[in-house]
Amino acid sequence: MRPQLTVRSPANRATPMSTQQQRTLTEAAGLLNTILASAETIRTLSNVTTIGQQPTVATPSVDTSIDSHLASLFPTRQRSSVSLPTAGHLPTAGPVRRERAPPRYQAQQCFRTWTSGTRRTRARAQQHDHFNKDIILLPNPSWEAVCKQHPKVRLHKHGHILNAFEIQKAWDHQTVMERIREGFGDRLPEDVSLQFLMACGNKLVSPTLQEGQDLNGMLIHRVYKTKALYVRPSRTLLTDSEDENELSLITARSMLSMHSSTKDSDEDCFEVSGQQIPTSMSSHGTTRASTSSHDEDGNPGPNCDADEDRSNATNHTADSAARSGGNPGMSGLDGGCLARTDGNPATSSHDEDYSSYLTLMATLPDDSSDDEELQQAIMASMESQIAEKIPVQEILLELSSKVSTKQQCRFNINRSAVWEGAMRGFKRVSYDPNLMMCVKFSDDMGRNEEGVDLGGPRREFLRLLMETIARSPMFEGKESSKTLALDSTALRGDWYYTAGRAIAVSLVHGGPPPNFLSPTVFSLLVDGSANPGLEEIADTELLDKVKKVSESTTLEDLEESKAPLLDYLANAGCLRPMRSIGDRDLLVHDIVMFQVIHRVQGPFQRFCEGLKTLGILEKIKRHPDSFRPLFCYEASTLTADQMDDLFSISLSPEGSNKRAAEEIVVTFWRDYLQDAEEEEGSSKLQKILAFSTGASVVPPIGFSPTPSVQFIHKGEDDFSSTPMFPMANTCVNCIRLPLHVSYQLFKEKFDFALGNTYGFGRA
């Protein structure tokens, strides 16, 4: 049995170490060797009894240094830890000392995986419910490269970059889209759809997800990690023309600034098309020859002065080309050089123009802002001239060309509840104003009508919708000049936004214009300012009180007429003492401004947000004169001659029996239009137009296809006998007339059809 090892603290005395102590240390060294070499460490320690007993361990020889033996066992940092006595070198006095550091520190230095008896609990990383991400809105749908340097600066300048945008992990895909739209505000129109992209090298790619997955907040956090979130719009938001002039100026000035430090008089000019231009805009150092030293392939040309010049010019060319990145503003500087004329007249003329441009730019100071202001003034003038020339139909046709006919958004409408059906359709998650509308009517019994929307049901729905909006509590005032009203139900249901969106959709999708707004509301839409008149106060009781104030002739009359309005004036912020009769007009003006404009600012802002759909509000601001007749009432009567010109007549081949009967009915048709105008005016003509096309007025965007008149012959369209009533196919804007031999019978049957037709079946 091995003796048990005991540790004794040596007495604090200054006497030499005894033989017994030396022997104990030797045994300890041998025991340590056995502990490290044996797999039965614990059992060995339990079997050791006392130091006085002889352990059965192998010990090193006495003449071997214990220090060197321990160093072989602990090869790192042992020489600085413990000094133990050897047989030949006994300490003179005192205990064994630890010279530099405590054992715990030494163990950590040598064996970093060791831990103390008390295990420390690692602090868990804090989990956040949100994260921040840079959002970059690309300028156009064809952009495929990662934004760097100048493009990124340009996007930042125009507000197309949201830095550290906060995204909640709990957001779904739709919420992420809505929050990003709110972040970009007016820079991202409602009619623009978005696509999420991510950087892959220098390219932008769409993240590949499993079927059914959407990029919600959590997926964006995991997929994008530290990368920026790129958003690609469905149509162009920024054009190169906005910054092309500025970039050209910057490029020219940078070229000129590179030619400034030469000393030789021979190098004080450079050549363009054989001309000498003094350079205060000349070359940088030895780059004078770079104007003609390289061809467009980057090869040295015949006009290089020296190898050093050639080298410098080549480096400058490469750097300039790398920086330009194919930017349009650098298109005139192939390889960073201005080439000499080669005798081509076109090239010579181009070079002379460019030389004159550089000469002019050299005279402008770098900090001048006159050119920018001048450019803005020129652009504003050009836009005003263009605005006068573009008809509204052309503008709307341009907007409607972006509407996709491959997909549809369905509207299920009952004629007795048009607004409710429209609200359901516009608020549906799948609704997109850039998709074609598919309207399906049902009668009051809930049965589907015999109509599939190829245009007619859509036009009738939009006509009924515009009439419903004009009669709604969202607007007040005269029938032909309505202003916004303040209605709590409409505010709560966000009706004002839906009304604005419905008007925008109607204009672009072939429906009628609103044509009932007051000039004050339209002026607010155009530039945000207006000066309403007293007659635009729709509240008749308030109007009478304000009229009494406006008709006051003395200060006493003014105070007396103001008394019934004290509570109203306090709410309007107009309550103030009247010091003279001259304060009367200002008080009346403040009351009118509050009642017509300031009181309905909230509804007006939501109405404007709705009008941004499909870019209508932007076009209104750019072309106010073109859109004013569509929003403000203008007396325009529909005449019989206009109706006759609007419809094209499809006749059978000349000489046939059908042709003769059709020519008789054509005269009946024209007589009926004339009688309708004389009897009831344009209202009956509008009914005829609505019966034929679904629209009571000619849409601003026009009819597609053109309305036509056809004829119903016996045996056609499952008629076994002679048809009696006219029929209409509003999908293709076609009215089919029966072949009566008497005008009186023709008129009676047509009147009956107009008064009893309901829907898209036969009259």
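For the structure itself, look to the data block above.
Presented here is a report on the structure given in the accompanying data block. Values in this document were obtained by computation on a predicted structure and should not be read as measured data.

Description of the packing of aromatic side chains
- One pass over the structure, following the stated rule, counts 18 aromatic pairs.
- A centroid spacing of 5.8 Å and a plane angle of 55° characterise the contact between Phe746 and Phe750, whose relative ring orientation is tilted. One end of the pair is Phe746 and the other is Phe750, both in helix α28 (residues 743–756) and 4 residues apart, which spans about a single turn. Summarising the burial analysis for this pair, Phe746 and Phe750 share the class buried.
- Following the ring pairs from residue to residue traces out a cluster consisting of Phe647, Phe668, Trp669, Tyr672, Phe691, Tyr743, Phe746 and Phe750.
- One residue, Arg415, lies across the ring of Phe441, its end atom 4.1 Å from the ring centre.

Section: the sheet that holds strand β15 (residues 734–738)
- Judged by pairing direction, the sheet is mixed, and its 4 strands sit side by side in the order β12-β13-β15-β14 without closing on themselves. If you trace the sheet from one side to the other, it starts and ends with β12 (648–649) and β14 (727–729), each paired once.
- By the bridge criterion, 3 bridges tie β14 to β15 in an arrangement that is antiparallel. Pairing of Ala728 across the sheet is with Ile735, part of β15.

A few points about the packing of helix α13 (residues 418–427) against helix α14 (residues 456–471)
- The contact between α13 and α14 brings their axes to 9 Å, and the two run at 110°. Considering the angle they form, α13 stands roughly perpendicular to α14. Only Phe461, Leu464, Leu465, Thr468 and Ile469 of α14 make contact with α13, whose side of the interface consists of Val418, Trp419, Ala422 and Phe426.
- When its residues are assigned to classes, the contact of α13 with α14 shows 8 nonpolar, 1 polar and no charged.

A few points about the state of the cysteines
- Under the definition given, this model contains 0 disulfides.
- No disulfide involves Cys438; its sulfur sits 9.7 Å from that of Cys409, the nearest cysteine.
- Judged by relative accessible area, Cys438 falls into the buried class, the value being 8%.

Quick word on the environment of Ser580
- Inspection of the secondary structure puts Ser580 in the loop between α20 (566–572) and α21 (583–596).
- With 25 residues separating them along the chain, Ser580 and Leu555 place their C-alpha atoms 6.1 Å apart.
- The contact partners of Ser580, leaving out residues within four places of it in the chain, are Leu555 and Leu558.

Brief notes about the pairing of strand β5 (residues 229–233)
- Within β5, 5 of the 5 residues are buried, which leaves the element mostly enclosed by the surrounding structure.
- Side chains Leu229, Val231 and Pro233 of β5 all project onto a buried face; the interleaved residues Tyr230 and Arg232 project onto the opposite face, where all are buried too.
- Pairing of strand β3 (residues 194–200) with β5 involves 4 bridges; the strand directions are antiparallel. Looking across to β5, one finds that Leu197 is bridged to Tyr230.

Section: the sheet that holds β5
- Strands sit in the order β2-β1-β5-β3-β4 across an open sheet of 5 strands; the sheet is mixed. Of all strands in the sheet, those bounded by a partner on one side alone are β2 (161–168) and β4 (203–205). Strand-to-strand twist in this sheet, taken as the mean axis angle between neighbours without regard to direction, amounts to 40°.
- By the bridge criterion, 6 bridges tie strand β1 (residues 130–137) to β2 in an arrangement that is antiparallel. Following the sheet pairing, Asn132 is matched in β2 by Glu166.
- Strands β1, β2, β3 and β5 of the sheet are contacted by helix α7 (residues 217–224), whose axis makes an angle of about 20° with β3.

Some remarks on the nonpolar core
- Within the largest apolar cluster, 78 residues are counted, with the highest numbers of intra-cluster contacts made by Leu396, Phe461, Leu465, Ile469, Ile616, Phe627 and Phe631.
- Leave out the neighbours within four places in its chain, and Ile469 touches Trp419, Met474, Phe475, Ala499, Ala502 and Phe516.
- Counting residues in each nonpolar core, the second largest holds 26 residues, with Phe668, Tyr672, Phe703 and Phe711 among its members.

Quick look at the packing of helix α18 (residues 540–550) against α21
- Between α18 and α21, whose axes approach to 9 Å, the crossing angle comes to 160°. Between α18 and α21, the angle is such that the two are roughly antiparallel. Taken as a pair, α18 and α21 cross one another with a handedness that is left-handed. For the pair formed by α18 and α21, the contact residues are Leu542, Val546, Val549 and Ser550 on the first element and Arg584, Leu587, Val588, Ile591 and Gln595 on the second.
- Residues of the contact of α18 with α21, tallied by class, amount to 6 nonpolar, 2 polar and 1 charged.

Criteria and cut-off values
Residues numbered from 1 in each chain as written. Predicted model: local features only at pLDDT ≥ 70, side-chain atom pairs only at ≥ 80, totals over all residues. Heavy atoms only, no water. Phe/Tyr/Trp six-rings, centres within 6.5 Å; stacked < 30°, edge-to-face > 60°. Helix = DSSP H or I, 4+ residues; strand = E, 2+ residues; numbered from the N terminus. Buried < 20%, exposed > 50% of the residue type's maximum accessible area, 1.4 Å probe, protein only. Lys NZ or Arg CZ within 6 Å of the ring centre and 35° of its normal. Pairing = 2+ DSSP bridges. Axes fitted to C-alpha atoms, helices over the stretch in contact; angles between N-to-C directions. Parallel < 35°, antiparallel > 145°, perpendicular 65-115°, else oblique. Contact = heavy atoms within 4.5 Å. Nonpolar A, V, L, I, M, F, W, Y, C, P; charged D, E, K, R; others polar. Disulfide = S-S within 2.5 Å. Core = buried A, V, L, I, M, F, W, Y, C linked by side-chain atoms within 4.5 Å. Left-handed = near helix turned anticlockwise from the far one by under 90°.

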